[in-house]
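# Structural overview for review
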Amino acid sequence: QQKHAQCRRICLDELDVLLLRNNPADDVNSRPWARLAGINFGRLVMRHGVIVLNDPDGLTQAINKMYLQSFPEEARPKALITRDRREIKDFIANQQGWGVLKPLAGSGGRNVFLVSPDTGANLNQMIDAVATEGYIIVEEYLPEAQHGDTRLFLMNGKPLQYKGHYACFRRMRIAGDSDMRSNMTAGAVAQKAVITEQMLHLAELVRPKLVQDGMFLVGLDIVGDKLLEINVFSPGGLGGLEKLEGINFCREVIHALEHKLEQRQQNAQGFSNCEIATI
């Protein structure tokens, strides 16, 4: 698709809204500079009066998986961030031999390992593999993960809806595949999902901080009653969800952007018309 895209140079002043998008799964290895470059460019564009989403300063906080730890403990699995081999083993031992190892700055399911009582003998090799990318995050294993996860889209801090339908889908591993990851890049398939009260409760738990951080459009990756990840850089799947559900959720996103632009124009007009009182 990219090779057929039309490229042209524009002036910053021509823009009303700029959506910052990049693919962390690709950038983490081939373009590690890309996310910071996009964030810094977004800050520059904001100085020209352009609406930039998601907010560049908020994205700076979310540059790695540590961002999830800033949300209520109720919403996320137990986790430890470390490079200490002994601490990792102690954490897994306290979880009856179960755990998930991930690189703190990774994405796309790269170097994600499930540790079980049966695979504990290979734990050192797993730690070595993940440690090549820096700090390690070890999480409690959620048994529900074997059935996949659910991506729920939030817009302006609330579940994205259109005519009573929620923008969400389940990511399921292919039958017979022993791979624990539910990433689409790891071969998972999308299926229709049913929203639950637990999911809505999780969305409400994370809403205040997401709004505070200027996160306009995000994807919550949910297993059971816990968040595995909050995708703020490239919450993909809306296009495929439209084909799956037959609902154009992207239209609601465009309408929300138009509303933001109208509000800014009205506020600017109101400010220009105000009278300055003198004493």
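The structure presented is a predicted model; accordingly, all values stated were derived computationally and were not measured.

The subject of this paragraph is the overall build of the chain. Looking only at helices and strands, the chain has eight helices and 14 strands in total. Put simply, 66% of the contacts in the chain that link residues at least 6 apart link residues at least 24 apart. Put simply, the chain shows about 15,800 Å² of open surface, and 51% of that area lies on carbon and sulfur atoms.

For the rest of this paragraph, the subject is the packing of helix 4 (residues 85-94) against helix 5 (residues 123-131). Close contact between helix 4 and helix 5 brings their axes to 11 Å; oriented N to C, the two are set at 125°. With respect to helix 5, the element helix 4 is oriented oblique. Once helix 4 is placed against helix 5, the crossing between them reads as right-handed. Counting all contacts with helix 4, which are made through Arg85, Ile88, Lys89 and Ile92, the residues of helix 5 involved are Leu123, Asn124, Ile127 and Asp128.

Attention shifts here to the confidence of the model for the chain. Residue-level pLDDT values for the chain average 88, and 90% of them are 70 or greater. Considering each helix and strand of the chain separately, the mean pLDDT is smallest for helix 1 (residues 24-30), with a value of 73, and largest for strand 8 (residues 158-159), with 98.

The next subject is the pairing of strand 11 (residues 168-172). Within strand 11, four of the five residues are buried, which leaves the element mostly enclosed by the surrounding structure. Taken together, the four bridges between strand 7 (residues 149-155) and strand 11 define a ladder with antiparallel strand orientation. Bridge pairing in strand 11 links Asp149 to Arg171. Looking at chain direction, strand 11 and strand 12 (residues 189-192) are connected through four bridges and run antiparallel. Across the sheet, the residue bridging to Met172 is Val189, located in strand 12.

Time to look at helix 4. Three or more residues of helix 4 are buried, namely Ile88, Phe91 and Ile92. Each buried residue of helix 4 sits inside an arc of 95° when the element is viewed along its axis, so together they form one side. Exposed residues pointing more than 90 degrees away from the buried face of helix 4 are listed as Arg86, Ala93 and Asn94. The secondary structure elements touched by the buried residues of helix 4 are strand 3 (79-82), strand 4 (99-103), strand 5 (113-115), helix 5 and strand 6 (136-139). Where helix 4 begins, one side-chain oxygen reaches toward the backbone nitrogen of Arg86, 2.9 Å away; that side chain belongs to Asp84. Following helix 4 by one or two positions, Gln96 adopts a phi angle in the positive range, close to 60°.

This part is about the side chain of Glu139. With respect to the secondary-structure elements, Glu139 resides in strand 6. Note on Glu139: relative accessible area 3%, which makes it buried. A polar contact is formed between the side chain of Glu139 and the side chain of Lys102, at a distance of 3.2 Å. Sequence-distant contacts of Glu139, defined by excluding residues within four places in its chain, comprise Pro77, Lys78, Ala79, Phe91, Gly99, Val100, Lys102 and Leu228.

For the structure on display, the rule yields three aromatic pairs. Taking 5.1 Å as the distance between ring centres and 90° as the angle between the ring planes, the aromatic pair formed by Tyr67 and Phe71 counts as edge-to-face. Classification of Phe71 as buried rests on a relative accessible area of 4%. Centroid distance Trp98 to Tyr141: 5.2 Å. Interplanar angle 15°. Geometry classified as stacked. Here Trp98, found in the loop between helix 4 and strand 4, pairs with Tyr141, found in the loop between strand 6 and strand 7; they are 43 residues apart in sequence, far enough to count as distant. The exposure class assigned to Trp98 is partly exposed, which follows from its relative accessible area of 34%.

So, how was this worked out
Residues numbered from 1 in each chain as written. Predicted model: local features only at pLDDT ≥ 70, side-chain atom pairs only at ≥ 80, totals over all residues. Heavy atoms only, no water. Helix = DSSP H or I, 4+ residues; strand = E, 2+ residues; numbered from the N terminus. Contact = heavy atoms within 4.5 Å. Areas by Shrake-Rupley, 256 points an atom, 1.4 Å probe, with all protein chains shown as cover. Axes fitted to C-alpha atoms, helices over the stretch in contact; angles between N-to-C directions. Parallel < 35°, antiparallel > 145°, perpendicular 65-115°, else oblique. Left-handed = near helix turned anticlockwise from the far one by under 90°. pLDDT = per-residue confidence, 0-100. Buried < 20%, exposed > 50% of the residue type's maximum accessible area, 1.4 Å probe, protein only. Pairing = 2+ DSSP bridges. Arc of directions from axis to C-beta. Polar contact = N/O pair within 3.5 Å; in protein donor to acceptor, adjacent residues only side chain to side chain. Phe/Tyr/Trp six-rings, centres within 6.5 Å; stacked < 30°, edge-to-face > 60°.

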